[in-house]
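Each chain, written out:
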Amino acid sequence: MDLESRKCRDTSKKDSWKTILLLAYQSLGVVYGDLSISPLYVYTSTFAEDIEHSETNEEIFGALSFVFWTLTLVPLFKYVFVVLRADDNGEGGTFALYSLICRHAKVSLLPNRQHADEALSTYKMEEPPEKNTSRVKMLLEKYKALHTALLIVVLLGTCMVIGDGLLTPAISVFSAVSGLEVSMSKKHHQYAVIPITCFILVCLFALQHYGTHRVGFLFAPVVLAWLLCISTLGLYNIFKFNPHVYKALSPYYMFKFLKKTRISGWMSLGGILLCITGSEAMFADLGHFSYVAIQIAFTSLVYPALILGYMGQAAFLSQHHNSDLQISFYVSVPENVRWPVIILAILASVVGSQAIISGTFSIINQSLSLGCFPRVKVVHTSDKIHGQVYIPEINWILMILCIAVTIGFRDTKHMGNAAGLAVMTVMLVTTCLTSLVIILCWHKPPIIALCFLLFFGSIELLYFSASLIKFREGAWFPILLALFLMIIMFIWHYATIKKYEYDLHNKVSLEWLLALGPSLGIARVPGIGLVFTDLTTGIPANFSRFVTNLPAYHRILVFVCVKSVPVPHVPIAERYLVGRVGPAAHRSYRCIVRYGYRDVHQDVDSFESELVERLADFIQYDWYRTRGSNMSIEDDTSHSNESSSRRLTVIGTTGFSSHPGYEIEESVQPARVSVEFSTVQSVMDVIEMEPMAVTEKRVRFAIDDEPESDTKSEVGVQMQEELEDLYAAQEAGTAFILGHSHVRAKQGSSLVKKLALNYGYNFLRRNCRGPDVALKVPPVSLLEVGMVYIV
């Protein structure tokens, strides 16, 4: 047995290493494409106009020294060794850092946080939050202005990622196609580059719907061949032209470079920083692969290949001081292999663009889940791997803007200035958020976070200032784009919060719902009525509007809250939080469906059937709990207004079956207790009690066909009736009751608020996908209730 177990362990280790190496190979095509093609345009942008290459080689050696240390400090030390460890259950990106911070500190602006959410297995924290009494945490939680400032920083980073997603494909493909100038006359080259670039970009964006996993297998060989190509060319140029070029890696040459070139050298840093474009993709695409796979691929192949490539170009240029020679990647390529290298460079630029485009889709999906982006269609392209998404609307908008940038700028320098500013802004945001993660999540001393912030932040600020000074030469574009996107995202998030607050203050008491009966002319019609609401407690105002205008509602009434939790993935067994609203005889329930920002939302058919299954499981669990506490039916009915209506239970996949007997684990389905208030004084008055202690014990549950006692038989009959009512209502049909909202600013509001809500938000709401489309509700089963929100 020992030998067999050892063999199993060895086999699993081999399989795990095989998987890691396979993921590392795949990551070349998805993560490192953008970073690997930077040698095409770094030296071209650096020596565009600001500085010139002289006989002393101080400029080219200084640029090489800057490139080497920038690649070493930022992608290697910062990302590979620090930032990639700040993952959120294996997910990366700006919103992953934000969700980590929101879990460890109460800084989220949307007040729908529940204690039951903290019991999720993916809601992991290194230690209970009450033990963390950091001053930074208390300061963040105390001032709401800091909550808003933190969100603005996150939105800024998100907008710059989107800007990078349209600028990087333009500069990458344009730089690769520009290699034709070496082999074509200037007249033909002028009319060939732009059309070829635009055609390639159209093909690239048209391929996006196939998904990242297929593209990864297709593009990984291209990036691998490209990395081997530039490293081989680098070694060839080093040994042929200047074997001593390695001396330029010394930091001394950076000081010589700045001392000689002064202000021009500082401005040229805007071109040097392009050597780290794509580094953010390592973190943004972390969820597609793994930390170890990305680390192995970068340290063993990507990093050394890039260094050799840049050293080879510097070695060639150090021996060619002809003023007529244009500084370009292709001049260092021997003529007999130039055409194959051009073709390979074009293919590699397409792959590099793919990395940032997939990262753009990913971060928009995260912001959409957290209520910071208008509703768009999200297509999950892989059934096996979570987080691989395609967004059609964003894809085509990016394509149009990317082509417009290419035609409008027509110059590597201006594109580089724009892309450089976007890249450095994203990196600065990542550095700031990682510093907060070090304090709040890793519970390290603030001095460590401050050292991290000052060291990497000062490097990035230096490059950021060099990009910002070129505002008129292309850097204006990402700023303008980010401003436009931030206005859209902030308006949407602000209106979402105001709508939630309005619903919270205008929700109806439970007593009002229980008072509705035949005496008031209210009829219960066959079927299931699903009332969708953002509230996790209380009866929404749109339901009272519905009943007022149409005095009837369904025999089975379910208040459904589809809620996003700041975790990447909610296990299916923990997704449904179910409870009663009123006594059992009222047949009203509450169901909170929790999704992570990387989860696939189910279509309406599977959601409807699964919801009925969860309700049936809850009904049996609730009656079993009633029997286990030896309560009589009368006692349970009288107590239901106080307890049963306020008790929410996690109902998992290992639920109750229709067989006479079965076993369950109470630890899989722990009860959660929440308290509702009939009146709400403020948004923060939604208070929830701590989860009940869960004990690991195995229980046996059976529905008795023959009564053993009066109490048990009566409980069994009541439960059977409730289940029969549920299944009969399912056969009668399901109606989806959604609110059709129109938001208006209340009288006395400022002009900015009126413009934002009355015109901005309502314009976005009319032109984005509606909640019925997002929830995939069939039009035949849809009932919309008009609501005017005066906020």
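Since we're looking at a predicted model, the values are computed, not measured.

A. Examining the overall build of the protein more closely. From N to C terminus, the protein includes 26 helices and 12 strands. Long-range pairs, those at least 24 residues apart, make up 83% of the contacts in the protein between residues at least 6 apart in sequence. Put simply, the protein shows about 33100 Å² of open surface, and 61% of that area lies on carbon and sulfur atoms.

B. Structural detail: a nonpolar patch on the surface. Residues Ile447, Ile448, Leu450, Leu453 and Leu454 make up a contiguous nonpolar surface patch of about 440 Å² in total accessible area. Along the chain, Ile447 turns up in helix α18 (residues 446–468). Relative accessible area serves as the criterion here: at 51%, Ile447 is assigned to the exposed category.

C. Region of interest: the pattern of salt bridges. The full count for this structure, using the stated rule, is 13 salt bridges. One salt bridge connects Glu59 with Lys260, and the closest N-O pair in it is separated by 3.0 Å. Here Glu59 is found in helix α4 (residues 58–80), whereas its partner Lys260 is found in helix α11 (residues 252–261), with 201 residues between them in sequence. Classification of Glu59 as buried rests on a relative accessible area of 4%. Lys260 gets classed as partly exposed once you look at its relative accessible area, which sits at 38%. The salt bridge involving Arg769 is made with Glu393; its shortest N-O contact spans 2.8 Å.

D. Just the environment of Gly596, in detail. In this fold, Gly596 is placed in the loop between β6 (588–595) and α22 (604–628). Linking Gly596 and Val570, residues 26 residues apart in sequence, is a C-alpha distance of 5.4 Å. Gly596 has contacts with Ser369, Val565, Val567, Pro568, His569 and Val570, leaving out every residue within four places of it along the chain.

What counts, and at which threshold
Residues numbered from 1 in each chain as written. Predicted model: local features only at pLDDT ≥ 70, side-chain atom pairs only at ≥ 80, totals over all residues. Heavy atoms only, no water. Helix = DSSP H or I, 4+ residues; strand = E, 2+ residues; numbered from the N terminus. Contact = heavy atoms within 4.5 Å. Areas by Shrake-Rupley, 256 points an atom, 1.4 Å probe, with all protein chains shown as cover. Patch = residues over 30% accessible without salt bridge, like charges linked within 9 Å, V, L, I, M, F, W, Y side chains within 5 Å. Salt bridge = Lys/Arg side-chain N within 4 Å of Asp/Glu carboxyl O. Buried < 20%, exposed > 50% of the residue type's maximum accessible area, 1.4 Å probe, protein only.

Scope: geometric values only; no functional claims are made or implied.
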